[in-house]
Amino acid sequence: MALRPIIACLPTSLTAGQKRSAAPRFSIHVATHSEPPHLVIRTLRALLDQDWPSGGFKIVVMDNNTDDPALWEPVERFCTAHSDRITFLHQMGVSGAKAGALNIALEHTDADATHVVTVDADYVVSRDFLSHAAEALHRTGADYVQFPQSYVATTIAAPGVDAELEEYFRTNAAAADEAEAVLLTGTLCVISKPALVSVGGWSGATTTEDADLGVRLCHAGFTGRFINRVVGKGLLPLSLRDLEKQRYRWCSGNVQTLLRHGRTILTPAGDFDLHKRLVILTQLTAWFSLALVPFALLTVWLLTGQGHTAAATLAAVAILLALCDIVSRVVARGMRDGQALPVILHALACRIALAPQSAKATFDALTGCRLKFVVTDKSGGKGAGSLSACHLMVFLTALLLLLGVQPTEPLIHAALLVLLLPLPAALLTDRSLRAYRATIALPKKEVSA
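Calculation rules
- Residues numbered from 1 in each chain as written.
- Predicted model: local features only at pLDDT ≥ 70, side-chain atom pairs only at ≥ 80, totals over all residues.
- Heavy atoms only, no water.
- Salt bridge = Lys/Arg side-chain N within 4 Å of Asp/Glu carboxyl O.
- Helix = DSSP H or I, 4+ residues; strand = E, 2+ residues; numbered from the N terminus.
- Pairing = 2+ DSSP bridges.
- Axes fitted to C-alpha atoms, helices over the stretch in contact; angles between N-to-C directions.
- Buried < 20%, exposed > 50% of the residue type's maximum accessible area, 1.4 Å probe, protein only.
- 1 Å grid on protein atoms, 1.4 Å probe; cavity = no way out; pocket = protein on both sides within 12 Å on 5 of 7 lines; lining within 4 Å.
- Points joined across faces, edges and corners; volume = space filled by probe spheres on them.
- Nonpolar A, V, L, I, M, F, W, Y, C, P; charged D, E, K, R; others polar.

Peer 1: Could you clarify how one ought to interpret the pattern of salt bridges in this entry?
Peer 2: Close approach of charged atoms allows side chains of opposite charge to pair. This model, assessed by the stated rule, comprises 18 salt bridges. The shortest N-O distance in the salt bridge between Asp-212 and Arg-260 comes to 2.6 Å. Residue Asp-212 is found in helix 8 (residues 209–219), and its partner Arg-260 is found in helix 9 (residues 240–260); the two are separated by 48 residues along the sequence. Each of the salt bridges in this network shares a partner with another, and the network as a whole consists of Glu-164, Glu-167, Arg-247 and Arg-351.

Peer 1: Would you mind going over the sheet that holds strand 2 (residues 57–64) with me for this structure?
Peer 2: Sheet strands pair via backbone hydrogen bonds, and the direction of the pair is either parallel or antiparallel. Strands sit in the order 3-2-1-4-7-6-8 across an open sheet of seven strands; the sheet is mixed. Taken across any chain shown, the strands that pair with only one partner, and hence form the sheet edges, are strand 3 (86–91) and strand 8 (224–226). The mean inter-strand angle of the sheet, taken between neighbouring strand axes irrespective of direction, is 20°. Pairing analysis gives three bridges linking strand 6 (residues 144–146) to strand 8, with the strands arranged parallel. What sits directly across from Val-145, in strand 8, is Arg-225.

Peer 1: Which parts of the structure should I look at to understand the environment of Gln-256?
Peer 2: Structurally, the position occupied by Gln-256 is in helix 9. We classify Gln-256 as buried; its relative accessible area is 18%. Between the C-alpha atom of Gln-256 and that of Thr-208, which follows or precedes it by 48 residues, the distance is 8.3 Å.

Peer 1: Can you help me understand the layout of surface pockets in this one?
Peer 2: The probe, sized like a water molecule, is rolled over the atoms to show the empty space still left. Roughly 690 Å³ of internal volume is contained in the second largest pocket. At the level of elements, helix 12 (292–303), helix 13 (310–336), helix 14 (341–366) and helix 15 (389–405) are the ones that each hand at least two residues to the lining of the second largest pocket. Here the residues of the lining of the second largest pocket are counted per class, giving 26 nonpolar, two polar and five charged.

And the structure:
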């Protein structure tokens, strides 16, 4: 039987003195790789400024495989100045990407720590983050809790991109909370240290080590809750190319996790009941898409003159259903949440723009392609504003088929029109991210601080 942590009681009515003696002790882990140093230092400043007893938390910064000293040495100097509260580690040759770095951080966790907290290098948390974490652990009795990912300056620029990303938490995570089977999303998660250790720590077997850990925690009998409170904000991907890379990793990594733990998820065991298995499946398949298969088949059939067969019609129906699924997820949820119509439409455009990457990621993971963990660029200097070849390929293929083959079957014609949508949607999303990148651009004096 899995080891159950003893979570200290922390009623909100406790006095400050009582709270110090009853509170959990947090070990905050920040894994970094080739991050802009000013962003990491800003994150660490916010963590040091927590409205929480200074003896009740320590920070471990694990910089892995960063070969440019100009990126990690400024962070090391900052950590050295706060060595009583921050442990800085820099190692090369770390395997397992973020999972490997977090396991090293776990090895350097104080023995008296009760919970491990993960915070991404670009996230600035609120002063009451740890207080809310402790309260949530006490109130829910959960072994781990996950707060939503949120992003700075999205009301000014790129609100649609923010809404598209938030849809996962408003839908999948919220539903999983009822089953106490929330999967982790990598940052702003608080995990019982005994629970984390008992399932073997983090695994680099998939590119979404967070979801993989969540599945293993649930199967071991630990409970996870979603706490719908914004306690920290990070940066959106600064270009469409980076947003696509992020979605590719999320989707392909979750499919990897599903394949790796498929038998565990689908086979009843202990208190891993049907409801839990279903909400885990919905979380892992949130961006799942098989649309690449009917697109490829329809293209081949049309080019070979077999476009009027029942199979070609079925392929067209599959493409149309994929669009219906996107609309139902994004638009319906946005309307239920009272979002403004322009925000809903921009969120819909963002989901459509990312659909080709979701389809490719699903196909690659299912066919066993070698996947690589890619860190989202925070500098905005790599591939900023560039469209991927995937959008152009889909658009040109659909356009040439419409003009060249001129299908008469209404469903096939409609499917080809749908395939024209990702490119304009990508252009709209790219424009939003350009505006966002300009909005959050930091002055040089702040960068050098």
